[in-house]
Amino acid sequence: MSDLFYLYDDVEDTKTRFVSFMAEATRFDLAITTSNRFYGKKLVINIQNGRSAIIGKDDLEEEGYLEFAYNLNEQEAEELKSFLETVI
């Protein structure tokens, strides 16, 4: 393993918010991490299924993005989007 070629190896202090809420269609358990690394976007991790995405306001407007990133149906994605619009 001494031949590893690192693209980067940084340590950074981040802020993570853990939030759980029940929507009409499903329950969401999220970890939302703010970092300098993502150009103003946030790392949003769905703790239930381990799926994650780097999300900014532009991503919330992209049709089908949340459905694809988190393997959600249209109703679930709309509920998640409604929440994320308040924190992103």
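This section reports on the structure supplied with the text. If you're wondering where the values come from, they're calculated on a predicted model, not measured in any experiment.

Thoughts on the environment of Asp 58
In this structure, Asp 58 sits in helix 1 (residues 57–61). It is 39 Å that separates the C-alpha atoms of Asp 58 and Asp 3, two residues lying 55 residues apart in sequence.

Here's the deal with the side chain of Lys 42
The residue Lys 42 is located in strand 3 (residues 42–46) in this model. Nearest to the buried, unbridged Lys 42 among oppositely charged side chains is Glu 12, at 11 Å. Here Thr 34 takes part through its side chain, which lies 2.9 Å from a polar atom of the side chain of Lys 42. The residues contacting Lys 42, other than those within four sequence positions of it, are Ile 32, Thr 33, Thr 34, Ala 53, Ile 54, Ile 55, Val 87 and Ile 88.

Describing the nonpolar core
The biggest cluster of nonpolar side chains holds 21 residues, and the ones touching the most others in it are Leu 30, Ile 55, Leu 66, Tyr 70 and Leu 84. When residues in this core are grouped by element, the largest group, 5 residues, is from helix 3 (residues 74–87). Setting aside residues no more than four positions away along its own chain, Leu 66 makes contact with Ile 55, Leu 60, Asn 71, Leu 72, Ala 77, Leu 80, Lys 81 and Leu 84.

Some remarks on the packing of aromatic side chains
By the definition in use, this model includes 2 aromatic pairs. Each ring, one from Phe 21 and one from Phe 83, has its centre 4.7 Å from the other, and the planes form 35 degrees; the classification is tilted. With a gap of 62 residues between them, Phe 21 in strand 1 (residues 15–22) and Phe 83 in helix 3 connect regions that are remote in the sequence. Relative accessible area serves as the criterion here: at 14%, Phe 83 is assigned to the buried category. Every member of this aromatic cluster is reached through a ring pair, and the members are Phe 21, Phe 28 and Phe 83. Here Arg 37 stacks its cationic end above the ring of Tyr 8, 4.5 Å away from the centre of that ring.

Some remarks on the sheet that holds strand 1
A sheet is described by the order of its strands in space; here 4 strands give the open sequence 1-2-3-4, paired in antiparallel fashion. At either margin of the open sheet sits one strand with a lone partner, and together these are strand 1 and strand 4 (52–55). Between one strand and the next, the sheet's axes are offset by a mean angle of 25 degrees, whatever the strand orientation. Relative to strand 2 (residues 27–34), strand 1 is paired through 8 bridges, and the arrangement is antiparallel. Bridge pairing in strand 2 places Phe 21 opposite Phe 28.

Thresholds applied
Residues numbered from 1 in each chain as written. Predicted model: local features only at pLDDT ≥ 70, side-chain atom pairs only at ≥ 80, totals over all residues. Heavy atoms only, no water. Helix = DSSP H or I, 4+ residues; strand = E, 2+ residues; numbered from the N terminus. Buried < 20%, exposed > 50% of the residue type's maximum accessible area, 1.4 Å probe, protein only. Lys, Arg positive; Asp, Glu negative; His and termini not counted. Salt bridge = Lys/Arg side-chain N within 4 Å of Asp/Glu carboxyl O. Polar contact = N/O pair within 3.5 Å; in protein donor to acceptor, adjacent residues only side chain to side chain. Contact = heavy atoms within 4.5 Å. Core = buried A, V, L, I, M, F, W, Y, C linked by side-chain atoms within 4.5 Å. Phe/Tyr/Trp six-rings, centres within 6.5 Å; stacked < 30°, edge-to-face > 60°. Lys NZ or Arg CZ within 6 Å of the ring centre and 35° of its normal. Pairing = 2+ DSSP bridges. Axes fitted to C-alpha atoms, helices over the stretch in contact; angles between N-to-C directions.

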